[in-house]
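Architecture and fold: a report
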Amino acid sequence: VSVGFTLWFTGLPGSGKTTVSTAVAETLRSRGVAVEVLDGDVVRRSLSSDLSFSREDREMNIRRIAFVSDLLSRNGVAVIAAAISPFRATREEARRLMGERFIEIYVAAPVEVCEGRDPKGLYAKARAGEISQFTGIDDPYEAPESAEVVLPTHEEPAEQSLARVVELLEARGLIPGA
Ligand code: ADX
């Protein structure tokens, strides 16, 4: 019986959460692990389509993702959650809910790098005043203080970030070896 867990990717927009978490999901699936991905961009078009980017609504979004992650990970699923989740207190709530099953992964590219990448052109829009309350520009991001893994995606290729996450899971005996 496999043990469920939640890999909780947090970081600024453009930090690489989706890139690394997609690669982790593929690797786990290739090893026969049951995986479910909860990506902020997808959740906000479905489960959280009623929410804005106010503090209260971001907290609600994170509580919903944490709730679903808890249900799944309790039942043996490897959950990969990837959302900005900018508030430390809300992430700690998710950690309390899931206890040992919660593994926080801080995708730690600095804001200048994320803005330089700007994969969706949203930093540019935020600078132009077309989007307000944009995380990293005019809305806060509270970096984790004790994440299980820190991924400096500005200093290492995505393959290396992927490898470090997989190594942690192997070391904890949470997934089978390659
Ligand atoms: S969270 O703050 O509630 O955790 P989440 O990860 O679900 O955010 O959604 C972030 C995505 O919404 C970004 O990748 C971006 O595409 C989009 N987005 C739209 N407006 C904003 C905004 N004001 N701040 C951050 N992201 C935004």
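First things first, this report covers the structure right here in the doc. (Residues numbered from 1 in each chain as written. Predicted model: local features only at pLDDT ≥ 70, side-chain atom pairs only at ≥ 80, totals over all residues. Heavy atoms only, no water.)

A tally of regular secondary structure across the protein chain gives 7 helices and 5 strands. Along its sequence from the N terminus, the protein chain presents helices and strands in the succession β-α-β-α-α-β-α-β-α-α-β-α. Over its C-alpha atoms the protein chain spans a radius of gyration of 16 Å, differing by no more than 12% from the 16 Å that the globule rule assigns to 178 residues. Seen along its three principal axes, the alpha-carbon backbone of the protein chain occupies a region of about 50 × 35 × 30 Å. Every one of the 178 residues in the protein chain was classed for burial, and the buried ones make up 49%. Contacts spanning at least 24 positions in sequence make up 73% of the contacts within the protein chain whose residues lie at least 6 apart. In the structure as shown, the protein chain presents an accessible area of about 8500 Å², 53% of it carried by carbon and sulfur atoms. Counting 21 positive and 27 negative side-chain charges, the protein chain places the averaged centre of each group 3 Å from the other. (Helix = DSSP H or I, 4+ residues; strand = E, 2+ residues; numbered from the N terminus. Rg over C-alpha atoms; globule rule 2.2 N^0.38 Å. Buried < 20%, exposed > 50% of the residue type's maximum accessible area, 1.4 Å probe, protein only. Contact = heavy atoms within 4.5 Å. Areas by Shrake-Rupley, 256 points an atom, 1.4 Å probe, with all protein chains shown as cover. Lys, Arg positive; Asp, Glu negative; His and termini not counted. Charge placed at Lys NZ, Arg CZ, Asp CG, Glu CD.)

Near the ligand there are 18 residues, and of these Arg58, Asn61, Ser85, Lys120 and Gln133 occur at the shortest range. Between the ligand and the protein, one listed contact pairs an oxygen atom with a side-chain N or O atom of Asn61 at 2.8 Å. In the model, a nitrogen atom of the ligand is placed 2.7 Å from a nitrogen or oxygen of the Gln133 main chain. Here the ligand loses 90% of its free accessible area of 560 Å² to cover by the protein chains. (Near = heavy atom within 4 Å. Polar contact = N/O pair within 3.5 Å; in protein donor to acceptor, adjacent residues only side chain to side chain.)

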